[in-house]
Amino acid sequence: MSAPLIDLNADLGEGFGRWHLTDDEELLSVVTSANVACGFHAGDPATMRRVCDRAAERGVRIGAQVSYRDLAGFGRRAMDVPSAELAAEVAYQIGALEVFARAAGTRVAYVKPHGALYNRVVHDEEQARAVVEGVLLADAALPVLGLPGSSFLRTADKAGLPVVTEAFADRAYTDEGTLVPRTREGAVVTEADAVVARSVGMARSGVVTSLGGREIEVRARSLCLHGDTPGAVDLARRVRAELEAAGVRVAAFA
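None of the values given here were measured: they were computed from a predicted structure.

(A) The arrangement of the overall build of the chain in detail. A tally of helices and strands in the chain yields eight helices and twelve strands. For 254 residues, the compact-globule formula gives about 18 Å, and the C-alpha radius of gyration of the chain, at 17 Å, lands near that figure. On the principal axes, the C-alpha backbone points of the chain span a range of 40 × 40 × 40 Å. A burial count over the chain gives 53% of its 254 residues as buried. Taking the contacts inside the chain whose residues are at least 6 apart along the sequence as the reference set, 71% of them involve residues at least 24 apart.

Pasting the structure below:
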């Protein structure tokens, strides 16, 4: 029987100008895929170029983390964007990152929505179709990363895009298998031991305990480690070390 296989992804390049939120240099030594902010919720051209250069040097896959146009709210505020406009903005963000990825000698390898857009396309079929249309405009062969069972992945699959499921090491789940909204207490798992145990459990058995105490299935090819939480680098290193110690092979999906 082959060893379980998991990709580790993290949100990187989440700064703007002189403001830096994530420790990109250190996280790139741990993760296998980098979700790079494309300027709409965070990021700027210089940051995008720097992260792409460093990711290429380390063999980390580059993903376009597309979002609503919401710098002030870090892409976490609910927005109503017309479908045609959203599709164009998704394609625009992918294209911008592709310039810097190519300059670094590589390519954008996948697409992942961010924040409010990520959560919206779990259930909203119209917005999911718009995001998929934007990806198709940019590159009809790009894999998309999302929540298992979401409208986004179902729509992408129907459109012929490769789909990749992901789980979250430090986010609480509802009994239905969706992410608990950040506005609710307990939405973010902050206890390091719990994050590590959840990560190993999801990678090896594909299950996690919901906030309500129910065991739910979360079979995923990629595991997200948030880079904007205190102690993120040390926690990411510990998660990877414990995964490998448990016989899980860590490797990129793209």
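(B) Quick peek at the pairing of strand β5 (residues 61–66). In terms of residue burial, β5 counts as a mostly covered element, since five of its six residues are buried. For strand β4 (residues 33–37) and β5, the ladder comprises five bridges, and the chain directions are parallel. The partner of Val-36 across the bridge, within β5, is Ala-64. Bridging between β5 and strand β6 (residues 108–113) involves five bridges; their strand directions are parallel. Across the sheet, the residue bridging to Ile-62 is Val-108, located in β6. In terms of handedness, the path from β5 via helix α3 (residues 83–103) over to β6 forms a crossover that is right-handed.

(C) Geometry of the packing of helix α2 (residues 45–58) against α3. α3 packs onto α2 with a crossing angle of 45° between their chain directions and a minimal axis gap of 8 Å. Judged on the interaxial angle alone, α3 and α2 are oblique. For the element pair α2 and α3, the recorded crossing hand is right-handed. On α3, the residues that touch Pro-45, Met-48, Arg-49 and Cys-52 of α2 are Ala-96, Leu-97, Phe-100 and Ala-101. Residues that form the contact of α2 with α3 fall into these classes: seven nonpolar, no polar and one charged.

(D) Structural context of the side chain of Glu-14. Residue placement: Glu-14 occurs in the loop between β1 (5–12) and β2 (15–16). Look at Glu-14: it is buried, it has no salt bridge, and the nearest opposite charge is Arg-76 at 5.9 Å. In terms of polar contacts, Glu-14 uses its side chain to reach the side chain of His-41, at 3.3 Å.

(E) Structural view of the pattern of salt bridges. A full pass over the atoms with the stated rule returns 18 salt bridges. Put simply, Arg-54 and Glu-25 hold a salt bridge, and the shortest N to O gap is 3.0 Å. Highlighted residues: Arg-54 in helix α2 and Glu-25 in helix α1 (residues 24–27), separated in sequence by 29 residues.

(F) Quick peek at a nonpolar patch on the surface. Side chains of Phe-16, Trp-19, Leu-21 and Leu-71 sit close together on the surface and give an oily, nonpolar patch of about 380 Å² of accessible area. Along the chain, Leu-21 falls in the loop between β3 (19–20) and α1. Taking the relative accessible area as the measure of exposure, Leu-21 reaches 31% and is therefore partly exposed.

(G) Spotlight on the nonpolar core. One finds Leu-97, Tyr-173, Leu-223 and Leu-243 to be the most contacted residues of the largest nonpolar core, which totals 71 residues. Among the elements that make up this core, the one with the highest residue count is α3 (six residues). Discounting residues that sit within four places of it in the chain, Leu-243 has contacts with Ile-6, Leu-8, Ser-199, Val-200, Ala-203, Leu-223, Val-248 and Val-250.

(H) The environment of Val-51, seen in detail. Within the secondary structure, Val-51 sits in helix α2. Put simply, Val-51 and Val-81 are 30 residues apart on the chain and 28 Å apart in space, counted from C-alpha to C-alpha. Among all residues touching Val-51, those that are not within four sequence positions of it are Leu-12, Gly-13, Asp-24, Leu-28 and Val-36.

The rules behind the values
Residues numbered from 1 in each chain as written. Predicted model: local features only at pLDDT ≥ 70, side-chain atom pairs only at ≥ 80, totals over all residues. Heavy atoms only, no water. Helix = DSSP H or I, 4+ residues; strand = E, 2+ residues; numbered from the N terminus. Rg over C-alpha atoms; globule rule 2.2 N^0.38 Å. Buried < 20%, exposed > 50% of the residue type's maximum accessible area, 1.4 Å probe, protein only. Contact = heavy atoms within 4.5 Å. Pairing = 2+ DSSP bridges. Right-handed = clockwise from strand over helix to strand, strands pointing away. Axes fitted to C-alpha atoms, helices over the stretch in contact; angles between N-to-C directions. Parallel < 35°, antiparallel > 145°, perpendicular 65-115°, else oblique. Left-handed = near helix turned anticlockwise from the far one by under 90°. Nonpolar A, V, L, I, M, F, W, Y, C, P; charged D, E, K, R; others polar. Lys, Arg positive; Asp, Glu negative; His and termini not counted. Salt bridge = Lys/Arg side-chain N within 4 Å of Asp/Glu carboxyl O. Polar contact = N/O pair within 3.5 Å; in protein donor to acceptor, adjacent residues only side chain to side chain. Patch = residues over 30% accessible without salt bridge, like charges linked within 9 Å, V, L, I, M, F, W, Y side chains within 5 Å. Areas by Shrake-Rupley, 256 points an atom, 1.4 Å probe, with all protein chains shown as cover. Core = buried A, V, L, I, M, F, W, Y, C linked by side-chain atoms within 4.5 Å.

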